[in-house]
Structures are given as C-alpha cells and as structure tokens.
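Architecture at a glance
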Amino acid sequence: MGFWYFLILFIGIALFVAGWLKKGVSREVKLVMILFIFGSLLVLMSLFMFLPGSAEVVSQLLNMNE
C-alpha cells in the first residue's frame, strides 16, 4: 500500500508544481487553480495516509467497522 501512497504523493506534487509554474491570466487561470488545489489535496491526503493509525480513522469515516 505504501507504493500507492507514494504514487498519490508524486502525482500531487507534479500537479502542484504544474499549477505553480503556469503564469496565465485568461482561461488558463481556472486550470492553474484546479491543478494547484487538486495537487495540494493529493499531497495532503498521501501524507495523512502515511501517519500511523490513519487506516483506522478512514475505516471509521467510511463506516467499515466490523
């Protein structure tokens, strides 16, 4: 599972950097903001999933208690 967390982290970083480096003012602004926000969310989610006990928190949030 660590592989998938790293994959999410690297995709998030790539989208974050792509959103950071784009310098448009027209309709590209929407795309840049979406890339920036989506990349940031992926990075935060993957870093959260690396924390100990995160699987239990996600399990409780998704009502997967047995």
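Look above for the structure.
Please read these numbers as outputs of a predicted model, since none were measured by experiment.

**A few points about the side chain of Ser 46**
Within the fold, Ser 46 resides in helix H2 (residues 28-49). Discounting chain neighbours no more than four positions away, the residues touching Ser 46 are Tyr 5, Ile 8 and Leu 9.

**Brief notes about a nonpolar patch on the surface**
A cluster of nonpolar side chains, contributed by Phe 6, Phe 10, Ile 13, Phe 16, Val 17, Trp 20, Leu 21, Leu 47 and Phe 50, occupies part of the molecular surface with about 880 Å² of accessible area. Counting residues per element, the nonpolar patch draws most heavily on helix H1 (residues 2-21), at seven residues. Turning to its location among the elements, Phe 6 is positioned in helix H1. Judged by relative accessible area, which is 42%, Phe 6 ranks as partly exposed.

Conventions we followed
- Residues numbered from 1 in each chain as written.
- Predicted model: local features only at pLDDT ≥ 70, side-chain atom pairs only at ≥ 80, totals over all residues.
- Heavy atoms only, no water.
- Helix = DSSP H or I, 4+ residues; strand = E, 2+ residues; numbered from the N terminus.
- Contact = heavy atoms within 4.5 Å.
- Patch = residues over 30% accessible without salt bridge, like charges linked within 9 Å, V, L, I, M, F, W, Y side chains within 5 Å.
- Areas by Shrake-Rupley, 256 points an atom, 1.4 Å probe, with all protein chains shown as cover.
- Salt bridge = Lys/Arg side-chain N within 4 Å of Asp/Glu carboxyl O.
- Buried < 20%, exposed > 50% of the residue type's maximum accessible area, 1.4 Å probe, protein only.

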